Amino acid sequence: MKVKKVGLLLLSASAVILELLPYGAVLNFANPDGEPLRRTFSYFSLTPFGYANFGPFITALLTCVLIILSVICIFKYSNGLNTAIMNISGIATLVSLSPLLFGISYISAVGVAITVILLAIFGLCFVKEK
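Residues numbered from 1 in each chain as written. Predicted model: local features only at pLDDT ≥ 70, side-chain atom pairs only at ≥ 80, totals over all residues. Heavy atoms only, no water.

**Quick notes on the overall build of the chain**
In step 1: On a plain count of helices and strands, the chain comes out with five helices and two strands.
In step 2: Seen through its C-alpha atoms, the chain measures out along the principal axes to roughly 60 × 20 × 20 Å.
In step 3: Counting over 130 residues, the chain shows a buried share of 39%.
In step 4: Here the contacts in the chain between residues at least 6 apart in sequence split such that 63% fall between residues at least 24 apart. (Helix = DSSP H or I, 4+ residues; strand = E, 2+ residues; numbered from the N terminus. Buried < 20%, exposed > 50% of the residue type's maximum accessible area, 1.4 Å probe, protein only. Contact = heavy atoms within 4.5 Å.)

**Points about the nonpolar core**
In step 1: Core analysis: the largest hydrophobic core is formed by 22 residues, its most contacted members being Leu8, Leu66, Ile85, Leu118 and Ile121.
In step 2: What Ile121 contacts, discounting residues up to four positions off in sequence, is Leu8, Leu11, Ser12, Leu66, Ile85 and Ser89. (Core = buried A, V, L, I, M, F, W, Y, C linked by side-chain atoms within 4.5 Å.)

**Examining empty space enclosed by the protein**
In step 1: Evaluation of the coordinates by the stated rule reveals one cavity of 30 Å³ or more.
In step 2: What the largest cavity holds in volume is close to 50 Å³. (1 Å grid on protein atoms, 1.4 Å probe; cavity = no way out; pocket = protein on both sides within 12 Å on 5 of 7 lines; lining within 4 Å. Points joined across faces, edges and corners; volume = space filled by probe spheres on them.)

**Topic: the environment of Phe102**
In step 1: Take Phe102: it is sitting in the loop between helix 4 (79-96) and helix 5 (109-124).
In step 2: Assessed through its relative accessible area of 44%, Phe102 is described here as partly exposed.
In step 3: The sequence separation of Phe102 and Pro32 amounts to 70 residues, and the corresponding C-alpha distance is 21 Å.
In step 4: Setting aside residues no more than four positions away along its own chain, Phe102 makes contact with Ala52 and Asn53.

**Topic: the packing of aromatic side chains**
In step 1: Under the defined criterion, the tally for this structure stands at five aromatic pairs.
In step 2: Relative to Tyr51, the ring of Phe29 has its centre 5.2 Å away and its plane inclined at 80°; by these criteria the two rings are edge-to-face. Of the two residues, Phe29 is situated in strand 1 (residues 25-29) and Tyr51 in the loop between helix 2 (47-50) and helix 3 (55-75); the sequence distance between them amounts to 22 residues.
In step 3: With relative accessibility at 25%, the residue Phe29 sits in the partly exposed group.
In step 4: The class of Tyr51 is exposed, set by a relative accessible area of 53%.
In step 5: With 5.3 Å between their ring centres and 85° between their planes, Phe122 and Phe126 make a pair best called edge-to-face.
In step 6: Aromatic rings pair up to connect Phe49, Phe54 and Phe57 into one cluster. (Phe/Tyr/Trp six-rings, centres within 6.5 Å; stacked < 30°, edge-to-face > 60°.)

What follows is the structure, encoded as structure tokens:
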């Protein structure tokens, strides 16, 4: 079932592409006008990590691991590898939701798209290989 293997790789690659865009991770700063100043960053940027928003950077690292495992899966498939991809994508999905702990204003549309893609990878792992 090459469709599953290629699907895992394409979904992982699309998640990394979205994480590279500077619109995923959100920080809200105080503004003298009273309204918070919203800045967005790439998931790979260490600026949100420095301001204690750890979720985006950890999600980016886990997604890079998913790409590596997906490439390995294309050449050599095993149930253990499928379980590893499923576990890492599940953890990455939960970690990508961690900015919600700060509030709904700390998540962006790109962040939601990344979470949905990671959830799709998690779901794709349940498709049986023939």
